Amino acid sequence: MGVNAKVVIIGCGISGIAAAHRLANAGFHHVRILEATARSGGRIKTGRLGDNIVEIGANWIHGPSEENPVFCLARQYRLLDPEALTPENQAMDVGGHPPWVPNIFSSSGRKLNTEDIYPALEMFAELMYESAEFESQGGEPWACVGDFIRSEAKRRAAEEWKDIDATTRSLRLCVISNMLKVECCVNGSPSMDEVGLGAYGLYKTLPGLDCTFPGGYEGLIKNLMSELPSGLVTYNQAVRCVHWNNTEKKENPVTIECNDGERIVSDHVIVTVPLGYLKKHHSALFRPLLPLHKLHSIQRLGFGTNNKIFVEFDSPWWDADCEIIHLVWEDEDVMVDHMPDVQRSWIKKLFGFTVLKPTERYGHVLCGWIAGHESEYMETLSEQEVTHTITQLIHRFTGNPTITPRRVLRSQWFHDPWTCGSYSYPGKGCSAQDLDNMMEPLPMKGSQSQPLQVLFAGEATHPCYYSTVHGALLTGWREADRLISHYSSISPSEPPKSKL
Ligand SMILES: Cc1cc2nc3c(=O)[nH]c(=O)nc-3n(C[C@H](O)[C@H](O)[C@H](O)COP(=O)(O)OP(=O)(O)OC[C@H]3O[C@@H](n4cnc5c(N)ncnc54)[C@H](O)[C@@H]3O)c2cc1C
Ligand SMILES: *[C@@H]1O[C@H](CO)[C@@H](O)[C@H](O)[C@H]1NC(C)=O
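Described below are features of the structure shown in this document. Everything numeric here is computed off the predicted structure, so don't read it as measured data. (Residues numbered from 1 in each chain as written. Chains lettered and ligands numbered in written order. Predicted model: local features only at pLDDT ≥ 70, side-chain atom pairs only at ≥ 80, totals over all residues. Heavy atoms only, no water.)

1. Considerations on the site of ligand 1
Here comes step 1: The immediate surroundings of ligand 1 are formed by 38 residues, with S15, E35, R43, W60 and V469 found nearest.
Here comes step 2: Taking I14, its main chain carries an N or O atom lying 3.4 Å from an oxygen atom of ligand 1.
Here comes step 3: A distance of 2.7 Å separates an oxygen atom of ligand 1 from a polar side-chain atom of E35.
Here comes step 4: For ligand 1, the protein covers 98% of the area, taking 1000 Å² as the surface of the free molecule.
Here comes step 5: Where the shell around ligand 1 is concerned, the elements lending two or more residues are helix 1 (14–25) and helix 18 (469–489).
Here comes step 6: By residue class, the composition of the shell around ligand 1 is 19 nonpolar, 16 polar and three charged. (Near = heavy atom within 4 Å. Polar contact = N/O pair within 3.5 Å; in protein donor to acceptor, adjacent residues only side chain to side chain. Areas by Shrake-Rupley, 256 points an atom, 1.4 Å probe, with all protein chains shown as cover. Helix = DSSP H or I, 4+ residues; strand = E, 2+ residues; numbered from the N terminus. Nonpolar A, V, L, I, M, F, W, Y, C, P; charged D, E, K, R; others polar.)

Here you go:
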C-alpha cells in the first residue's frame, strides 16, 4: 500500500535517479522528480571538445570492482572497455591513487629527473596514508591534514635527506607543495589546511583500477532514465521551499513550493540538492527550519571547487607513456597549497595535467586540474584570458615558446547556481556524526508527527563514499529502501495514506 504514497524527489542527478528507479521497481507509482535545469545527470555531465568527448563533471569510476554499484551497472549496460572488466583490473588495489606514469616540469623550464624527486613522492604518499589512520586511532596531533604534512615533511626531510645537496632538498619540498595541490583537487578542498586530520580517513576506497566511460559518463544516466516511466521528471522546475510538518492535514504533510509558484503536495520528499546549494540556501529551503544539529553539520562539512581545463594540441610535448604531468614551482619549498594573491597568482594552483588516453581515441588532449578559491576566480575570467595564461604557463615550464593550444574548454562548477562548487570533503572538526546528521530524515526520532516526511540523499550524505558517483547512487537506493521498508513494516489493515 506504500505504492500509493506520493513521493517527490528534488534533483535529477544520479542519487535522485537511483531513488526513483528503486521506488518505481518496488511498485510506487506516485513518484516524480523535480529538476531545476533542463537536463538529467547533475554533476555527471559529458561535453565536447572538437570531435572529442570530454567529461565536464565526474570522470572515473573510482574502485571499479564487484562492490561498486556504478561499475556493476556500467558493465550491465555494456558501457566499459574490455580492460576494465578483467579480473586483474578489478583486483588492483591502488588506495585511491592510481600509479600513473609522471612527467615533471619545473618553473625554470626543465624536465626534472624522476629519480631525483622520487623520494619526495614516496614520502608524500606515506604521509597521506598515515593521515588516514588518525580516524581509526582517534586523537589527532594537528587539526588539519596540511599542518600534519608540513610538520612531518619538514622533520623527515631534515633527518632523511640531510646528506642531499641543498638545491635538490629544496626542490623536493617544492614537489610536496605540488602534491598538496593534487590533493586539493582530489578532495575538492581550497587547501589541505581545511581538511580535518581526524576525519580525513572517513573516506574509504574500493579495489579496482579507476576506469572511464569510453562513450561518456552520461551513458549511465541515459540507460537508467530509459528504464523510468516517461514523464516522471519535470525539468526547469526549481524548488524554492519545502514546507514540512504540516499538522493540519493528516494526509500529505509536505508541500513543495516551486520557483514558478506551483505547489505540490506529497507524503515524502527526498532532497538530493548538492551540499554547496544547501549551505547557501538552507534557510529559505525549509519551513520549519532544519534542526540545529543538522544545520551545524551542513556548515562543518566542506564543499569546495575543483575545475578542469581541457587543452588540445597538434602534437604532444610530453612522453608517449606519460599519464600525468606535474608542474613544480621552484619558489615553493615552504610547502604552500594556496595563493595569497589569487588574482595575480591563480595559475600557480593548477598542479598540472592528466593525459587523455588512449591517444588513438582522443588525439593530444590534456586535462588541467585546479581547485580552491584560485579555481573559483578562474571561472570569472574569459575563455581567452584562461587560454592566454595556460599558454604562457606551458611556454615557461617547457622552455618552448612555440607550443600553441588548438582548443581550450574549462568547467565552472562554482558558478553553477544549482551546485555551487564541486563536491564535499570532511572539514576541520568533522566526524562520522556529521555524515550521520546529514542523512537523518525529518521529523527526528521520537516526534509524534508523520514519519519520514523529508529524506536526504546525495553524495554528501554517504558515510564513507562521499564525493563520488557510487556514493551518491548508494544514498538514493538507501532512501528509497527506507521508504519501502517503512511501508512493508506497517500492518496491511491500515488504510492507505493517500487516495489514487
Ligand atoms: C569536476 C568534478 C569531477 C568529478 N569527478 C568524479 C569522478 O571522477 N568520480 C566520481 O565518482 N565522482 C566524481 N565527481 C563527483 C560526482 O560527480 C558527484 O559526487 C555525483 O555526481 C553527485 O550526484 P548527486 O546526485 O549527489 O548530485 P548532483 O549530480 O549534483 O544532482 C543534484 C541535482 O539537483 C538539482 N538541483 C539543485 N538545486 C535544486 C532545486 N532547488 N530544485 C530542483 N533541483 C535542484 C541540480 O540541478 C542537480 O541536477 C566529480 C564532480 C565534479 C564536479
Ligand atoms: C511539528 O509539529 C508538532 C505538532 O504540531 C510540533 O509539536 C513540533 O514542534 C513541530 N516540529 C517542528 C520542527 O516545527
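2. What to know about the nonpolar core
As a rule of thumb, soluble globular proteins bury nonpolar side chains together.
Here comes step 1: In terms of nonpolar packing, the biggest core is built from 47 residues, with V145 and I149 touching the most fellow members.
Here comes step 2: Counting residues per element, the ones that place at least two in this core are helix 5 (114–131), helix 7 (145–160), helix 8 (166–187), helix 9 (197–200), strand 14 (324–328) and strand 16 (364–371).
Here comes step 3: Setting aside residues no more than four positions away along its own chain, V145 makes contact with M128, S131, M192, V195, G196, L197 and Y200.
Here comes step 4: Grouped together as the second largest cluster of nonpolar side chains are 45 residues, I9, A18, L220 and L455 included. (Core = buried A, V, L, I, M, F, W, Y, C linked by side-chain atoms within 4.5 Å. Buried < 20%, exposed > 50% of the residue type's maximum accessible area, 1.4 Å probe, protein only. Contact = heavy atoms within 4.5 Å.)

3. Examining the site of ligand 2
Here comes step 1: Around ligand 2 sit W244, N245, T247, P288 and S449, and that is every residue in its neighbourhood.
Here comes step 2: With respect to ligand 2, the side chain of N245 contributes an N or O atom lying 2.5 Å from an oxygen atom.
Here comes step 3: Relative to its unbound accessible area of 360 Å², ligand 2 is 37% covered by the protein chains.
Here comes step 4: Here the residues of the shell around ligand 2 sort into two nonpolar, three polar and no charged.

4. Some points on the sheet that holds strand 9 (residues 263–266)
Here comes step 1: On the basis of which strands lie adjacent, the open sheet formed by four strands has the order 9-8-7-11 and mixed pairing. Of all strands in the sheet, those bounded by a partner on one side alone are strand 9 and strand 11 (286–287). (Pairing = 2+ DSSP bridges.)

5. Overview of the pairing of strand 14
Here comes step 1: Within strand 14, five of the five residues are buried, which leaves the element mostly enclosed by the surrounding structure.
Here comes step 2: Of the two faces of strand 14, the one holding I324, H326 and V328 and the one holding I325 and L327 are both buried throughout.
Here comes step 3: Where strand 5 (residues 102–106) meets strand 14, five bridges bridge the pair, whose relative direction is parallel. By the bridge assignment, F105 is partnered in strand 14 with L327.

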